[in-house]
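Results of the structural survey
Letter by letter, the chains look like this.
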Amino acid sequence: MSEDLKLRNPDQVLDVRGESCPVPEMGASKKLKKMKVGQLLEVLTDHQPAVDVTLPSLAKNLGYPYAIIKDGEIYRVRILKVK
């Protein structure tokens, strides 16, 4: 599933570059609530704790698959809304 998420185009993009926790997690949570099942959210962040802890924890707690793509200094965290 992770590889599929890396290849697929996101339905929504949330750019939180330059923001620290809890902004990336809170923004992703709000965005996911408004999205439809089957849609893919891409969160752009340069905040390492969001990549290492908070965004993966959010996805796991919701039961959503996710993938992390390193793109230079930016991370693209993709979360698939499945329910």
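Parameters at a glance
- Residues numbered from 1 in each chain as written.
- Predicted model: local features only at pLDDT ≥ 70, side-chain atom pairs only at ≥ 80, totals over all residues.
- Heavy atoms only, no water.
- Pairing = 2+ DSSP bridges.
- Helix = DSSP H or I, 4+ residues; strand = E, 2+ residues; numbered from the N terminus.
- Axes fitted to C-alpha atoms, helices over the stretch in contact; angles between N-to-C directions.
- Contact = heavy atoms within 4.5 Å.

Moving on to the sheet that holds strand 1 (residues 12-15). The strand order across the open sheet formed by four strands is 1-2-4-3, and the pairing between neighbours is mixed. The sheet terminates laterally at strand 1 and strand 3 (66-71), the two strands that pair on one side only. Strand after strand, the sheet turns through a mean of 20° between neighbouring axes, direction not considered. Judged from the six bridges that link them, strand 2 (residues 40-45) and strand 4 (residues 74-80) form a sheet pairing that is antiparallel. Bridging across to strand 4, T45 finds its partner in Y75. In the packing of helix 3 (residues 48-62) onto the sheet, contacts are made with strand 2, strand 3 and strand 4, and the angle to strand 4 comes to roughly 0°.

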